[in-house]
Every structure is written in C-alpha cells, then in structure tokens.
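A closer look at the structure
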Amino acid sequence: MDGHDALTYYCLDLESDYANERVEITPYSYASVDPGPYNPARSAFEDYLGEKYLVDSDHELYRPFFDNCKPVDGRAPVWQILTVYSYEPDFGMDGKMALSPLQRLMGSSQAWRHEEFHMGLRFGRVTEMVEYFDRLSRIAFERGDRYWGFRFMARTVHYLQDSGTPYHTSPGTTGDILMIPLAYRKQFRKISNYHKFHDRYTGYRLWRGYGPFLEAIRLAALSHGLSDTGKLAVEARRRGLRLVKDLQSSIRTVAGEGFDTLDGFRGDRAYFDEVSRERETKELDIITARFLSGMAGLVKSYLKTAFSR
C-alpha cells in the first residue's frame, strides 16, 4: 500500500514520552545477524531523515503531513524514525533479486517479500518478514542501539501493514484466481490495475488527511490477546483477505466497467484529484476505512508490545 508513513504516524501517541525521545543516529552494524539478502544497489541503509524518502512514483501523489526535519546534533525523535522508516522496505531494498523460482509468477522479488498468496502452494513471504525484522529489533535493543531498534521496528510495521493489505493477501477474487491458468497475461494486467488503484487511492487520501480514514485509525482499538508478532501478521492477512471481493466491486463502481481490460493503469495525481472531486466513493471509503481500522488496531498492538519490552 501507499501511505505507510501516514498510517504509522497516525497510530502513534505523539504526546507520549517514548514517541518524543531523541535517539542518537548510529551506523548499520548488523551484517552478521541480518543475512537479507538485499538489493546491493539499495543496501547502504543511509539516513533518510529530513530528506525526500519516497520513490518518485509515490512522491507524485504525496502531500507533506508532518515536519520531516533534519536531525539535530545527530539525534532524531522516535516518532520521526518510525514514520519515515515504516516506508523503507519500498525504497528498493527487496527488488531485483532471485529469491525463489516462484517469484516470477508474482512479478518480482519485491512482490515475493511484500505479498503472500495461499493457493495450494504458498506464494510470497510477507508474514515471515514481519517476524524477521521484529527479531532484529530485539537484537538491536539488547545491544543498546536504540536507533536501529526503532528503525527495524519501523520495517516490522511496514510488513505488518502489507500483510493485511487486501491485494497483498490474494491476487483477486476466486473467479480471478481460477482464470489465471487460462489467461495469465490478461488476468495479471487486471489484477495489477485493481491492486495499484487501491494502493494509490489509500495513500492519496491518507497524505491529504482524509477525515473518514484518520477517524478510523484514531478510533481503532488494540487487538487484545494478540501480542505475538507472528500471530499479528497472520491475523492481519486473514482480515485483509476477507475484504478482497467487496473491495474489487467498489473499485469497479468508481473506476468504471472498462477498468477490467484497461492496459496499464497509471493513477496519477490528476486522476485521483478527479476521483475524489467528482466520483461517488462512499462504498469504497467504507471498505478502505474498515481495512485501516483493523490494521491500525494491529499496528497499535504491536507498538505497545514492542515499547513495553
């Protein structure tokens, strides 16, 4: 999804002492416990605080919603570290690698780590990535390295959010899945359009502080009884999967019948300006708010557990 930073930001208690603690920025020193692998072109893990941190395609929709200031005396507040680096796995670190022979059916190594489809075989490993970076966060805190503890925590939040994003849990409805062997390219194009529409629509709205979405996040209750990180990821995936069918129907209503056969949906700022201004999005907003509410509850539960360690 787009808007990982906004969803994370609005899940934080920005008045709390822990969120405002200023942490010393330290260099990455985890190669021995962090085998990755990562895309070598994007594995330096330099500091992005105070810098433009989105890829160009996402930045085209972006509208600033927080003060991404430069670190002062080599320190930055926890809330800023969590906000910025909850986007980090989309910077390219998971791209352009050979992780599995099955990844070509999903499109890329990026998809392999950010999505997970259960269709007889399991395609993708996003729920495993949640546990992977939670483990690294624990290691960093045990070493007394609070910067990387929080930075790894932010990556955990990213993959947790991806675990429950509807089109990261399934490549479409049951009918879409059954059609894949018969018309792979056509179905891949259709599924990609719906996936991209919802990712970008969600980010577009969150970055603009859309009231119904922020209210859903603000009011989201903790998921009681779910403190284990792996179980949070599995629950996120279960909730997202339930929304796919209704979400697809609501997107078709907004985008139009021809959307199923559109060759390469782009979804730029002008398009979503027009959608938000002139099209009826009530049903789409209700389903997206349901997704954001459930996801915010899980993120808040993870943060509470992680901060209490």
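Attention shifts here to the overall build of the chain. Helix and strand counts for the chain come out as 14 helices and four strands. Here the C-alpha radius of gyration of the chain, 19 Å, is about what a compact globule of 309 residues would show, namely 19 Å. For the C-alpha atoms alone, the extent of the chain along its principal axes is close to 55 × 45 × 40 Å. Within the span of the chain, comprising 309 residues, buried residues form 55% of the whole. The contacts in the chain between residues at least 6 apart in sequence include a share of 77% that link residues at least 24 apart. In the chain, 42 positive and 43 negative side-chain charges are present, and the distance between their average locations comes to 4 Å.

This part is about the pattern of salt bridges. Tallied over the entire structure, the rule returns 22 salt bridges. Of the charged contacts, one joins Glu88 and Arg155 as a salt bridge, the two residues approaching to 3.0 Å between their closest N and O atoms. Note that Glu88 is positioned in the loop between α4 (78–85) and α5 (109–114) and Arg155 in helix α7 (residues 146–164), a separation of 67 residues in sequence. By relative accessible area, Glu88 is classed as buried at 1%. Each member of the salt-bridge network shares a partner with another, and the members are Asp2, Asp58, Glu60 and Arg200.

Turning our attention to the layout of surface pockets. The space that makes up the largest pocket amounts to roughly 980 Å³. Contributing to the lining of the largest pocket are 34 residues, with Met106, Ser108, Ala111, Glu115 and His195 lying nearest its centre. At the level of elements, α3 (56–59), α5, β3 (117–119), α7, α8 (166–169) and α10 (184–207) are the ones that each hand at least two residues to the lining of the largest pocket. It is α10 that contributes the most residues to the lining of the largest pocket, eight residues altogether. Residue composition of the lining of the largest pocket, grouped by class: 16 nonpolar, 10 polar and eight charged. Within this model, the second largest pocket holds a volume of roughly 180 Å³. Lining the second largest pocket we find 14 residues, and of these Ser170, Gly172, Thr174, Ile177 and Leu241 sit closest to its centre.

One finds Leu7, Tyr53, Phe133, Leu160, Phe197 and Phe272 to be the most contacted residues of the largest nonpolar core, which totals 83 residues. Ranked by residues supplied to this core, first place goes to helix α14 (residues 282–307) with 12 residues. Core analysis: the second largest hydrophobic core is formed by five residues, Met106, Trp112, Phe117 and Phe123 among them.

Running from N to C, helix α1 (residues 4–11) and α7 point in directions that differ by 105 degrees, and their axes come no closer than 10 Å. Classed by the angle they form, the pair α1 and α7 counts as roughly perpendicular. Contacts between α1 and α7 involve His4, Leu7 and Thr8 from the former and Val157, His158, Gln161 and Asp162 from the latter. Here the residues of the contact of α1 with α7 are counted per class, giving two nonpolar, four polar and one charged.

Within this structure, the stated rule accounts for 45 aromatic pairs. Residues Tyr38 and Phe45 carry aromatic rings whose centres are separated by 5.1 Å and whose planes lie at 85 degrees to one another, so their mutual orientation is edge-to-face. Each member of the pair, Tyr38 as well as Phe45, carries the same accessibility label: buried. The ring of Tyr132 has Arg135 sitting right over it, with the charged end atom 5.4 Å from the ring centre. Directly above the aromatic system of Phe45 lies the positively charged group of Arg155, at a separation of 4.3 Å from the ring centroid.

Compared with an ideal rise of 1.5 Å per residue, which puts 17 residues at 24 Å, helix α6 (residues 126–142) spans 25 Å between its outermost C-alpha atoms and is within 8% of the ideal. Three or more residues of α6 are buried, namely Val126, Thr127, Met129, Val130, Tyr132, Phe133, Asp134, Leu136, Ser137, Ile139 and Ala140. Two residues or fewer after α6 comes Gly144, characterised by a positive phi angle close to 80 degrees.

Parameters and conventions
Residues numbered from 1 in each chain as written. Predicted model: local features only at pLDDT ≥ 70, side-chain atom pairs only at ≥ 80, totals over all residues. Heavy atoms only, no water. Helix = DSSP H or I, 4+ residues; strand = E, 2+ residues; numbered from the N terminus. Rg over C-alpha atoms; globule rule 2.2 N^0.38 Å. Buried < 20%, exposed > 50% of the residue type's maximum accessible area, 1.4 Å probe, protein only. Contact = heavy atoms within 4.5 Å. Lys, Arg positive; Asp, Glu negative; His and termini not counted. Charge placed at Lys NZ, Arg CZ, Asp CG, Glu CD. Salt bridge = Lys/Arg side-chain N within 4 Å of Asp/Glu carboxyl O. 1 Å grid on protein atoms, 1.4 Å probe; cavity = no way out; pocket = protein on both sides within 12 Å on 5 of 7 lines; lining within 4 Å. Points joined across faces, edges and corners; volume = space filled by probe spheres on them. Nonpolar A, V, L, I, M, F, W, Y, C, P; charged D, E, K, R; others polar. Core = buried A, V, L, I, M, F, W, Y, C linked by side-chain atoms within 4.5 Å. Axes fitted to C-alpha atoms, helices over the stretch in contact; angles between N-to-C directions. Parallel < 35°, antiparallel > 145°, perpendicular 65-115°, else oblique. Phe/Tyr/Trp six-rings, centres within 6.5 Å; stacked < 30°, edge-to-face > 60°. Lys NZ or Arg CZ within 6 Å of the ring centre and 35° of its normal. Expected span 1.5 Å × (residues − 1).

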